[in-house]
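Descriptive structure summary
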2 protein chains.
Amino acid sequence: MRDALVAAAFHLFLERGYEQTTVDDIVALAGVGRRSFFRYFPSKEDVVFPDHERCLADMTAFLADSGDDDEPVQRVCDAVRIVLRMYTENPTFSVQRYRLTKKVPGLRAYELSVVWRYERAFADHLRGRLASRPDGTLQADVIAAAVAAAHNNALRSWLRSDGQGDASAALDHALGYVQQAFATPPAPDDEEPEDVVVVVSRRGAPLWRVVQEIESALEQN
Amino acid sequence: MRDALVAAAFHLFLERGYEQTTVDDIVALAGVGRRSFFRYFPSKEDVVFPDHERCLADMTAFLADSGDDDEPVQRVCDAVRIVLRMYTENPTFSVQRYRLTKKVPGLRAYELSVVWRYERAFADHLRGRLASRPDGTLQADVIAAAVAAAHNNALRSWLRSDGQGDASAALDHALGYVQQAFATPPAPDDEEPEDVVVVVSRRGAPLWRVVQEIESALEQN
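Keep in mind that this is a model prediction, so the values were computed, not measured.

Calculation rules
- Residues numbered from 1 in each chain as written.
- Chains lettered and ligands numbered in written order.
- Predicted model: local features only at pLDDT ≥ 70, side-chain atom pairs only at ≥ 80, totals over all residues.
- Heavy atoms only, no water.
- Helix = DSSP H or I, 4+ residues; strand = E, 2+ residues; numbered from the N terminus.
- Buried < 20%, exposed > 50% of the residue type's maximum accessible area, 1.4 Å probe, protein only.
- Contact = heavy atoms within 4.5 Å.
- Areas by Shrake-Rupley, 256 points an atom, 1.4 Å probe, with all protein chains shown as cover.
- Axes fitted to C-alpha atoms, helices over the stretch in contact; angles between N-to-C directions.
- Parallel < 35°, antiparallel > 145°, perpendicular 65-115°, else oblique.
- Left-handed = near helix turned anticlockwise from the far one by under 90°.
- Nonpolar A, V, L, I, M, F, W, Y, C, P; charged D, E, K, R; others polar.
- Salt bridge = Lys/Arg side-chain N within 4 Å of Asp/Glu carboxyl O.
- pLDDT = per-residue confidence, 0-100.
- UniProt positions renumbered as here; feature names shortened; annotations may be inferred.
- Expected span 1.5 Å × (residues − 1).
- Polar contact = N/O pair within 3.5 Å; in protein donor to acceptor, adjacent residues only side chain to side chain.
- Core = buried A, V, L, I, M, F, W, Y, C linked by side-chain atoms within 4.5 Å.

Each helix and strand in chain A was counted, giving 11 helices and 1 strand. Reading chain A from its N terminus to its C terminus gives the helix and strand order α-α-α-α-α-α-α-α-α-α-β-α. Looking at chain A residue by residue over its 221 residues, the buried ones come to 44%. Counted over contacts in chain A with a minimum sequence separation of 6, partners at least 24 positions apart contribute 65%. About 11700 Å² of surface is accessible on chain A, with carbon and sulfur atoms providing 49% of the total.

Before going further, it helps to examine the packing of helix 5 (residues 72–88) of chain B against helix 7 (residues 105–129) of chain B. Residue and element names in this part refer to chain B. Viewed as axis vectors pointing N to C, helix 5 and helix 7 meet at an angle of 160 degrees, and their least axial separation amounts to 10 Å. When the interaxial angle is binned, helix 5 and helix 7 end up roughly antiparallel. Remark: the crossing between helix 5 and helix 7 carries right-handed chirality. Taking contact as the criterion, the partners of Pro72, Val73, Arg75, Val76, Ala79, Val80, Val83 and Met86 in helix 5 are, on helix 7, Tyr118, Phe122, His125, Leu126 and Arg129. Among the residues forming the contact of helix 5 with helix 7, the class breakdown is 10 nonpolar, 1 polar and 2 charged.

The next thing to look at is the pattern of salt bridges. The final tally for this structure, using the stated rule, is 24 salt bridges over all chains. The salt bridge involving Arg156 of chain A is made with Asp141 of chain B; its shortest N-O contact spans 3.4 Å. In this pair, Arg156 of chain A is assigned in helix 9 (residues 136–160) and Asp141 of chain B in helix 8 (residues 136–160), connecting two distinct chains. Take Arg156 of chain A: its relative accessible area is 23%, and that puts it in the partly exposed class. Among the salt bridges present, the one from Asp24 of chain B reaches Arg34 of chain B, with a minimum N-O distance of 2.9 Å. Taken together, the positions of Asp24 of chain B in helix 2 (residues 23–30) and Arg34 of chain B in helix 3 (residues 34–40) put the pair 10 residues apart, joining distant regions of the chain. Classification of Asp24 of chain B as partly exposed rests on a relative accessible area of 42%. The exposure class of Arg34 of chain B is partly exposed, given its relative accessible area of 41%.

What follows concerns the confidence of the model for chain A. Of the residues in chain A, 87% reach a pLDDT of 70 or more, and the chain-wide mean stands at 89. Of all helices and strands in chain A, the one with the weakest mean pLDDT is strand 1 (residues 196–202) of chain A (64), whereas helix 9 of chain A scores best (97).

Take the UniProt feature "DNA-binding region" (unreviewed entry) in chain A next. When the UniProt feature table is mapped onto this chain numbering, "DNA-binding region" (unreviewed entry) sits at residues 22–41 of chain A. The span residues 22–41 of chain A is 75% helix and 0% strand, and its two end C-alpha atoms sit 13 Å from each other.

Here helix 9 (residues 167–181) of chain B contains 15 residues, and its C-alpha end-to-end distance of 21 Å stays within 8% of the 21 Å for a straight helix at 1.5 Å per residue. Two or three places before Ser168 of chain B, at the opening of helix 9 of chain B, Asp166 of chain B has a side-chain oxygen 3.2 Å from that residue's backbone nitrogen.

Membership of the largest hydrophobic core comes to 134 residues, with the highest contact counts inside it found for Phe122 and Phe182 of chain A together with Phe122 and Phe182 of chain B. Those residues in contact with Phe182 of chain A that sit more than four places away from it in its chain are Val142, Ile143 and Ala146 of chain A together with Tyr177, Ala181 and Phe182 of chain B.

In structure tokens, the structure reads:
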């Protein structure tokens, strides 16, 4: 029933336009009553984005399921791959919706609020994980925004190519850029640092001078 | 007249609530006609954000006015400071609006669309300036999102503190984090690199072994 309502809605949106289609038109085509429609979708806008609530729930569960060993930025990057998959599982539908959303300002606003909810979910997760850093909240918000932007960049390229091309590879590439920018230096491990002496010397310096420097460096410690 | 309408609107929004206030109520209190209201504001929502259009225009002009010598990320960081100033110029109003926006989902959606327009302006500028880089579009989108997120983080802290504290210093700090993450390596200059020899040696190594390494390093070049 839910799928039939979505199919009927998109049939009419593409044929007549979004604004010109009423919920009554949709239920008439799907052969169900108005109450059935509103059982699944709070409003006409929601039928345009039928999978986002499920996807948000899946993604939030995935983040909540993190272990202490999971690197937080990596985990958020993996979470955003769940979002991309929602789009790529159904290329025709995703491309149709993309075209519709571009034409209808109200849907554009709806989509922004959805994107914002994904970004908040990333930020909330990172805020928890980075809480011990001095700038944890700031870093969480900035990294969450960067991950969302990388996703949107890869997704839009794929949608503009009519769902051709490898969206997943494009996302991996985009996330690589973000991860490189926000790479955390590895935590110092417990082993003794290797005991080395580094001497930097001007090439022109005579060898005896270099040896002297090494000797004094060795004596210092 | 414009300021009087904004003042009347906020007086009523705070007294009765946003939803319970009509445009008729606002014009009655301000002592003007409906047409005057709609000359300044397309809708009731717009009176909540009276300065954004001007601010967007100022900021876009500032970006358009960039010289070739301006470092692009730095320029966008300077542009976002214009946005912060719009808030900090009028702390009482900004804090009132923040509280109102938190309570009214429609205003929250409006605000998201405004933030998105700022972010697009940053991204468009960076796309132009980074066009010669292999991943210029991706980098532009990610950096724009990071700058907007840094701004929003600093702004929200300030708003939550009821407009106390130094928002500008908080923004500088937040932008420092973004700039450090996306720092471009300085272009190699024309001078000869200083001619040095670096020897890294295990401390346990006997001195003759170290000298031998230096000699062979010097000979190699």
